[in-house]
Structures are given as structure tokens and as C-alpha cells.
Amino acid sequence: MELIKDADLDKFKETEEAESGISAGRKLRIGFIGTGGIARSHIKAYKLFDDVAVVAGADLIPGKAAKFFEDWEIEGAHAYTDYREMIEKENLDAVSICTYNRQHAEPTIYAMEHGLDVLLEKPFTVTLDEAVKVCRAEKATGRILSIGFQPRFDPNMQMIKKIFESGVLGKIYYIQTGGGRRHGIPCGGGKDTFIRNDTAGVGALGDIGCYSLDMVLNALGYPKPLTVSGFKSSYFGKDPAYYGERPELAEKFGVDDFAAAFIRFEGDLTVDFRISWAMNMDTSGDTIVLGTKGGLRIPSTECWNGTVGGPMTIYHEVEGEQVETVLPVLALKGLGRVERKVRSFLDAVITRGSAPVPTSQIIINQAIIDGISRSADLGHEVEIEIPEI
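Residues numbered from 1 in each chain as written. Predicted model: local features only at pLDDT ≥ 70, side-chain atom pairs only at ≥ 80, totals over all residues. Heavy atoms only, no water.

### What to know about the packing of aromatic side chains
And step 1. This structure, assessed with the given rule, holds 8 aromatic pairs.
And step 2. Ring centres 6.5 Å apart and planes at 75 degrees place the aromatic pair Phe253 and Trp277 in the edge-to-face group. Note that Phe253 is positioned in the loop between α10 (249-252) and β9 (258-265) and Trp277 in the loop between β10 (269-276) and β11 (287-291), a separation of 24 residues in sequence. Judged on exposure class, the residue Phe253 and its partner Trp277 are both buried. (Phe/Tyr/Trp six-rings, centres within 6.5 Å; stacked < 30°, edge-to-face > 60°. Helix = DSSP H or I, 4+ residues; strand = E, 2+ residues; numbered from the N terminus. Buried < 20%, exposed > 50% of the residue type's maximum accessible area, 1.4 Å probe, protein only.)

The structure is reproduced here in C-alpha cells:
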């Protein structure tokens, strides 16, 4: 079905040329760093907007960027194998960074230090140390950096935040959240960049776990995490039988396919978290939010697709009677979640507004993921400390 552009997302807001540095009527010049799988969703979104021109792309695999532009019928776009050369030669305004996880930090820092705004795919980085370096570069350069968390643009996710903020649940003190897949290690066609430690660095924990954490932490206003006790495993990923005709992938598997954690936050809040690429269960459970005045159940999805798995239910009391309020699933009208993610970034670039998904929040998400991984490796609870940016 063809996407319909929302009026409030379809055009840049009015702004003076002196504020943005971009001439009125000129198309934004966009480059790609990494032209693999996730880049397809970015290019599809950019093609919807008339005020954008995708002019160049870099991928370390020779010929891959050129093939990417050919497949998507982007005429005149220049292909490179070195993103530094691309940034030097092309007069870009911004880049989409769609590399594998371990290559998120370096090109993001380089792009910002060379005057470009950045839309960076998730996960933010692999380690907290990398995230801190990126945030410090962002602060030093004053560039716009938005992280690719498209579930935030889903109306049901936005409703969760409204429920939290309404006070109907009272003080929230416990959340069970997570989700994931029964059989969904991302290695279709024998591709291994998602499962190798040298390219991915983190598995289900960073790939979809970051979304699950953001769903509740964004609704809470990103409270300060204190400690975490984490667990991760790779029983399915390292089992040759899992892959059918591609058993050799088991030898390459170097990340997690399941992770769980018990996270404590300031304000007497605990989050019980679990996420999966593969498990012998159809779900790791709905998201359950317990508050002093009410509770909220958020049905899980089959594979963490960026929305809710069914109508949400608020459990509360009215005049001493225990009642349930069922909230129907809200339809996403007009632009899709990814398209809204891209459009909001473009609007921030042209208006010099705030990043739609700011690093000031996502660094907390990354610190928790980093803490879960460290705790699992050490076998005991660890403190979560985020250095000053």
C-alpha cells in the first residue's frame, strides 16, 4: 500500500536561511555510510520526500554501494569504498549510518567532526565507552545526532508514554518487559554480520533489546539506572542443528541469542527484562507495569515489530471496584514508523531543532545494555555509571 505523507511531516518548517545554513528551495544532500540491509529502509524513506537528494554512498565491499543505488534507481549517485573520501569529495548536509554495530562509533564521530548531521541506526554503539566518545563529539561539534529508534513514532508506543505521564498508574515501582523471537536469529541467506563478534559485538540484547528497554524507559523519562544483574546465552546460535543446511554458521556465532536482567533505578523502581532471538517458547511474556494506583498490561509481539501485540489493559479501581479499561490498538496512518523516523531527522536538520531521538536518553539505554553484558561476563551484579559528557 502506498504511504500517504502526513501534513505535519511532509515539509520542513519555516526557518530563516541564516539559522540553518541551507538555502531556501535547495534539496538536502544525503550520503550513506553502509549500504547493507537496514539501508534499504532508509533509502525507501528518503525517496518519498521531494526536498531530499541522495547523492553518494560508501560501503567497504567494492561494488556494493553502486549496486545499491542501481537497485533503488538513484541516478547520478556516487559510490565509494571509503566514507572519508566520500565526505571529503561530496558537499553533504547529512548522512545515514547503516554499518554493522562495531562500525557505528567511528564514522559517526568523523562525520560530525566534518560538519555533518547524522542519523545513526540502532544500537547506538556496542559499548558504553564508545557511546561516551560519540556524545562528546556531538557536544563539541554542535551537530545533530539522532538514533534510529522508529518504534517511538508508533501511536501505541506514544500512548504508553501518555498513560505513564497521566498518573493513572500512580507511582510505578516494577516493570516486567522484553519479548523477542522463538526462532529468529538474523542470518538469512547465510549472512553473518549480525552474529559475528567482530562485526556485531552484541546480539539480541542490542538488536531488539534496545527497543524493548526504550519502550518503558522513554515512557518513564529515562530514570537513572543504579545496578544490574545480567545473564546472556548462545545455546541456539552455537548449535549447528539450528541452521539446517548452513551448519557452518554455528562456528561464526559470537554474540548472545538470549539475555535477561534485573535492573534497579533511582526512585525505588525495578525492571525485570528478557529478550530473545531464539527460545523454546512463543513469548517471554507481556510487558507488565505495576503502580500504586493501577497496572498496565502491554501484549507482546511475535518478533518485536515496533508496536504492541494487541489491546492494552489498565487494571485499576473505580469507587472501590476493581475494573479493567481496555485500550484498542491505534492504527498507524500515513507515513510508516521508519519514514517518520527519517522525516523527523530531516526536519531537525533544516530547522536546527533538537534531535528526535536524542543521545542524552539513548546513552542511558546503552549503559544498561553495557551493564547487562558486563554483569553476565563477570557472573555478578555490577554498578552502572555514566561518565560526564
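From this point, the discussion proceeds with the structure in view.
### So, the environment of Lys139
And step 1. Following the sequence through the fold, Lys139 ends up in helix α6 (residues 128-141).
And step 2. On the basis of relative accessibility, which here comes to 60%, the residue Lys139 falls in the exposed class.

### Thoughts on the sheet that holds strand β15 (residues 382-383)
And step 1. The strand order across the open sheet formed by 9 strands is β14-β13-β12-β11-β7-β10-β9-β8-β15, and the pairing between neighbours is mixed. The sheet is open, and its two borders are formed by β14 (321-327) and β15, each paired with just one other strand.
And step 2. Pairing of strand β7 (residues 172-180) with β11 involves 4 bridges; the strand directions are antiparallel. The residue bridging Ile175 from the neighbouring strand is Val289, located in β11.
And step 3. This element, helix α7 (residues 155-166), spans β7, β11, β12 (294-298), β13 (312-318) and β14 of the sheet and lies at about 20 degrees to β13.
And step 4. In this fold helix α9 (residues 209-220) packs onto β7, β9, β10, β11 and β12, with an angle of close to 155 degrees to the strand it touches most, β7. (Pairing = 2+ DSSP bridges. Contact = heavy atoms within 4.5 Å. Axes fitted to C-alpha atoms, helices over the stretch in contact; angles between N-to-C directions.)

### With respect to the packing of α6 against helix α12 (residues 359-378)
And step 1. At a minimum axis separation of 9 Å, α6 and α12 run at an interaxial angle of 165 degrees. When the axis of α6 is compared with that of α12, the two are roughly antiparallel. Read as a crossing pair, α6 and α12 show a hand that is left-handed. Only Thr359, Ile363, Gln366, Ala367 and Asp370 of α12 make contact with α6, whose side of the interface consists of Leu128, Ala131, Val132, Cys135 and Glu138.
And step 2. For the contact of α6 with α12, the per-class residue count stands at 6 nonpolar, 2 polar and 2 charged. (Parallel < 35°, antiparallel > 145°, perpendicular 65-115°, else oblique. Left-handed = near helix turned anticlockwise from the far one by under 90°. Nonpolar A, V, L, I, M, F, W, Y, C, P; charged D, E, K, R; others polar.)

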